[in-house]
Structure formats: structure tokens, C-alpha cells
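Architecture at a glance
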Amino acid sequence: MAAAAMNTEQARFNMIEQQIRPWNVLDPEVLKLLSVVKREDFVPADKRDLAFADLEIPLGAVPGQTMLAPKIEARMLQELGLKATDTVLEIGSGSGYMAALLAAKAEFVYTVEIDPALVELARQNLAKAGVANVSVDIGDAAQGWSLYAPYDAIVVSASTPVLPDALRRQLKIGGRLVATVGELPVMRGLLLKQDDLLRRNLIQTLMCQFSLLFAPFEEQFGIQFKAYFAQEWQELL
């Protein structure tokens, strides 16, 4: 038993040091959370050996539903810059792991899942983990979840071909949104911020630095991002 626990902690340490830090996740609070919130408790029992692997983990018998790779979850969490007073919307509950991470930094998290089996899975996992400041709702939140809007932060855990304007409108001024946008083979991780500029709502591009292509990001994706959103910027202005 002690040896198994030691192996688990070593695997967790390796995940953080070999996968997550190299992806520019350096926030001490985020790194600490990855040790405190036990990822293996949110992984299906038959996939537990893969809990710390650098891959997306299938969620049971639900076709196409997976847990994001650890470095993607960690980078999203870091870029949001959550505060203890924040209200967060997560679109796509999955196993509940991302909601647990968000809840550890925010005041309250609303997570919405369209698949009833995953709703139940997320609720069970969060309850077992003792996470009380998360509400798991069932529904289609592709266009956001206006019931509790506006939010300080929105996380789109499932990828989306385009970013719906409805999501942007559900952000508070100063709110942040992270999402994976596009379709294979070109998918990008985006971070947007809602600002008040001359009394108009403007989605301000902060960065596009985490790519699912695992290619160098920085200026390359910044240029692509600006081109991708050029028309939308003109419409907003």
C-alpha cells in the first residue's frame, strides 16, 4: 500500500515537472493545486493507470468524451488568473476534475454538461472529493448559460469550431474566457478579456499562446489570431 502511494505521488510529481512546467505553467498556486486536487480520483477506474499520462483520457462508454490532457487543464487554469471572489462558468463538465480545480481558486463554479451520464459522474466525483462550491447542471451550454450570467470567467472545456458571441456577452467587464477553438488539424487555445472601451463592449485579445499543435506559439499564433478575428474586431468596433 505504501509503495503504491509512493508510486502515485512520484507519477504526479513527474506529470508536473515533465509535462506541465515545460508548457509555461509556473504559477506556484496552480502547481500546488495539481498536487492537492487528486486527478486520479476523477479518472474512470479502468483508466486510473493513465491518470498522469500526457494524453486525453476517454470517459467510460460515452463516445468522444474525454478528459483534457493535464498540461491543457493547467495552462487554462493559470491563464484565467482566478480570484477568490470570482464566479465561473465551465462548459463541459466531463468527470468534474476541471471544476474541482476551478472551485479551489474561485468563489463558485457553475459547470454545465449535456450528457446525463457525465452529469452524474461529475456530481459523484465532486461529492467524494468534498467540493461544495460547484453546481453541476444538465443542458446544452454551447451558447452559454444565461441563468447565472454574467460571469467573471468562462472555461470551454470542450473544443468549439467558432467562439459564439453569446459567450462573450455573458462575461462581466474585466471577465476572462479560455477556449479551444477550431477543428483538427488546426486548433488553438484562446484567452479573451472583456473590457469597457469608450462605453462599448470590446473583446480584447490578450494572447493565443497555448496550441494543441504543440508548436512554438508566441508571435506565430499571435499573428494568426489577429487575422482570424479581424472581421469580428471590426464588427465590435
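Attention in this report is confined to the structure presented alongside it. Please read these numbers as outputs of a predicted model, since none were measured by experiment.

**Observations concerning the environment of Leu163**
Here Leu163 lies in the loop between strand E6 (151-160) and helix H6 (165-169). Leu163 gets classed as buried once you look at its relative accessible area, which sits at 5%.

**A look at the packing of aromatic side chains**
Enumeration over the complete set of coordinates arrives at 4 aromatic pairs. Summarising the aromatic geometry, the rings of Tyr110 and Tyr151 are spaced 6.5 Å apart at their centres and angled 65° between planes, so their arrangement reads as edge-to-face. Residue Tyr110 is located in strand E4 (residues 108-113), and its partner Tyr151 is located in strand E6; the two are separated by 41 residues in the primary sequence. Residues Tyr110 and Tyr151 agree in their burial class; the two are buried. What links up through ring pairs into an aromatic cluster is the set Phe108, Tyr110, Tyr148 and Tyr151.

**Description of helix H2 (residues 28-36)**
Along H2, the positions that sit buried rather than exposed are Val30, Leu31, Leu33 and Leu34. Angular distribution of buried residues about the axis of H2 spans 155°; they occupy a single face of the element. In H2, the exposed residues that point more than 90 degrees away from the buried face are Pro28, Glu29, Lys32 and Val36.

**Details of the packing of H2 against helix H4 (residues 97-105)**
Put simply, H2 and H4 touch, their axes get as near as 11 Å, and they point 130° apart. As far as their axial angle goes, H4 and H2 are oblique. The interaxial crossing formed by H2 with H4 has right-handed handedness. Only Tyr97, Leu101, Ala104 and Lys105 of H4 make contact with H2, whose side of the interface consists of Glu29, Leu33 and Leu34. Looking at the contact of H2 with H4 residue by residue, the class counts come to 5 nonpolar, no polar and 2 charged.

**Points about the packing of H2 against helix H3 (residues 70-80)**
Two numbers describe how H2 lies on H3: the axes approach to 10 Å, and their chain directions differ by 140°. Overall, the two elements H2 and H3 adopt an arrangement that is oblique. Where H2 crosses over H3, the two elements pack in a sense that is right-handed. For the pair formed by H2 and H3, the contact residues are Val30, Leu33 and Leu34 on the first element and Ala74, Leu77 and Gln78 on the second. Taken together, the residues of the contact of H2 with H3 break down into 5 nonpolar, 1 polar and no charged.

Criteria and thresholds
Residues numbered from 1 in each chain as written. Predicted model: local features only at pLDDT ≥ 70, side-chain atom pairs only at ≥ 80, totals over all residues. Heavy atoms only, no water. Helix = DSSP H or I, 4+ residues; strand = E, 2+ residues; numbered from the N terminus. Buried < 20%, exposed > 50% of the residue type's maximum accessible area, 1.4 Å probe, protein only. Phe/Tyr/Trp six-rings, centres within 6.5 Å; stacked < 30°, edge-to-face > 60°. Arc of directions from axis to C-beta. Axes fitted to C-alpha atoms, helices over the stretch in contact; angles between N-to-C directions. Parallel < 35°, antiparallel > 145°, perpendicular 65-115°, else oblique. Left-handed = near helix turned anticlockwise from the far one by under 90°. Contact = heavy atoms within 4.5 Å. Nonpolar A, V, L, I, M, F, W, Y, C, P; charged D, E, K, R; others polar.

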